[in-house]
Each structure stands twice: as C-alpha cells, then as structure tokens.
Amino acid sequence: MAEEQVHDPLNFMRNMWGNMGFSLPGMVAPTFDLDELDKRIKDMKAVEGWLRMNLSMLQMTIQGLEMQRTTVGAVQAMGQMAKDSVKAMSPEAAAEAPAEPQANAFSEAAMWPWQMMQQMRDQMQQSAEAAAEAAASAATEEAAKPKARRPAVKK
C-alpha cells in the first residue's frame, strides 16, 4: 500500500485535500461509469445555465444603473440650466451680466434633434453627390475607351 502511494501522482493532492477536512473532488479522479459521467454532464450544464442567467441579470443591472446615472446627470444639468436662466432674468443679474453670454452645451438642447437631422441630411447629400460623380467619371472613362471591333459575321 505504501509502495502504491509513492508512485501515485495524485498522492500529494489527496494528502493536501485530506488535511483540509474534505476529500479530493471527483473531477480530479476520473470515473469510467457512463451513468456517473452523464449525471456530471447534466449537473455541469445546469450550473452553466444558472451562471449564464446570473450573467445576463448582472449585465441588465449594469445597463439599468448606467441609464439611471445618465438620467440623473441630465436632470441635474437641466436644473442647473434653469437656475442659471432664472439668475440671468433677474434685474440684478442683468446689470452684472457680461455683454456676451457664455455658450452652454445645454443652451440649445431643444434644437439637438433638428441639428442632428440637418447633419444627417448633409452627410446623405454629400454621399449622393460623391456617388453621382463616381458614376459620371466611370461613364466618361468607358466612353473614352476605344471600342473593339467585332468581326463581321457572314450569313
């Protein structure tokens, strides 16, 4: 028995696990029983499904928190804009205000959709013009090529 333990490569691991108070896991010592292997596969697939479910729940929670953070930031910025506009409308602030107001990123927030649509329209117009120019130059090059003569076919 002592001779077998000396030649056993897992003896060190068994001793280490045994000293911790629990036995060596079955994953290290393989089994040849097909029913046991099927049971382990089924158990591992169940654990995999559970982990995937938890991962997707974690990802949804992170996305929800990011959306919440963005919303809170936008509400705070809008509140600050409202405070600034109230201060700017007060008579005391009007006397103290500089001649040129500072540009604020949120000052024209109502115009953002319009500006975005204008940018998209401009980009589409440029793409269409570039495509038309490419087609025109390709047609010009095709017309400039000498046409190969076909031999006449006698009937």
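Residues numbered from 1 in each chain as written. Predicted model: local features only at pLDDT ≥ 70, side-chain atom pairs only at ≥ 80, totals over all residues. Heavy atoms only, no water.

A. Fine view of the overall build of the protein. If you tally the helices and strands in the protein, you get five helices and zero strands. For the protein, the proportion of its 155 residues judged to be buried stands at 3%. (Helix = DSSP H or I, 4+ residues; strand = E, 2+ residues; numbered from the N terminus. Buried < 20%, exposed > 50% of the residue type's maximum accessible area, 1.4 Å probe, protein only.)

B. Quick peek at the pattern of salt bridges. Enumeration over the complete set of coordinates arrives at four salt bridges. Note that Glu48 and Arg52 form a salt bridge whose closest N and O atoms lie 2.8 Å from each other. Of the two residues, Glu48 and Arg52 are both situated in helix H3 (residues 34-89); the distance of four residues between them amounts to about one turn of the helix. Its relative accessible area of 56% is what places Arg52 among the exposed residues. (Salt bridge = Lys/Arg side-chain N within 4 Å of Asp/Glu carboxyl O.)

C. Summary view of a nonpolar patch on the surface. Judged by side-chain polarity, Val47, Trp50, Leu51, Met53, Met57 and Met60 come together as a nonpolar surface patch covering roughly 630 Å² of accessible area. Mapping Met57 onto the fold places it in helix H3. (Patch = residues over 30% accessible without salt bridge, like charges linked within 9 Å, V, L, I, M, F, W, Y side chains within 5 Å. Areas by Shrake-Rupley, 256 points an atom, 1.4 Å probe, with all protein chains shown as cover.)

D. Molecular detail of the confidence of the model for the protein. Overall, the predicted model of the protein reaches an average pLDDT of 77, with 66% of residues at or above 70. When pLDDT is averaged over each helix and strand of the protein, the minimum, 59, is found for helix H1 (residues 2-7) and the maximum, 91, for H3. (pLDDT = per-residue confidence, 0-100.)

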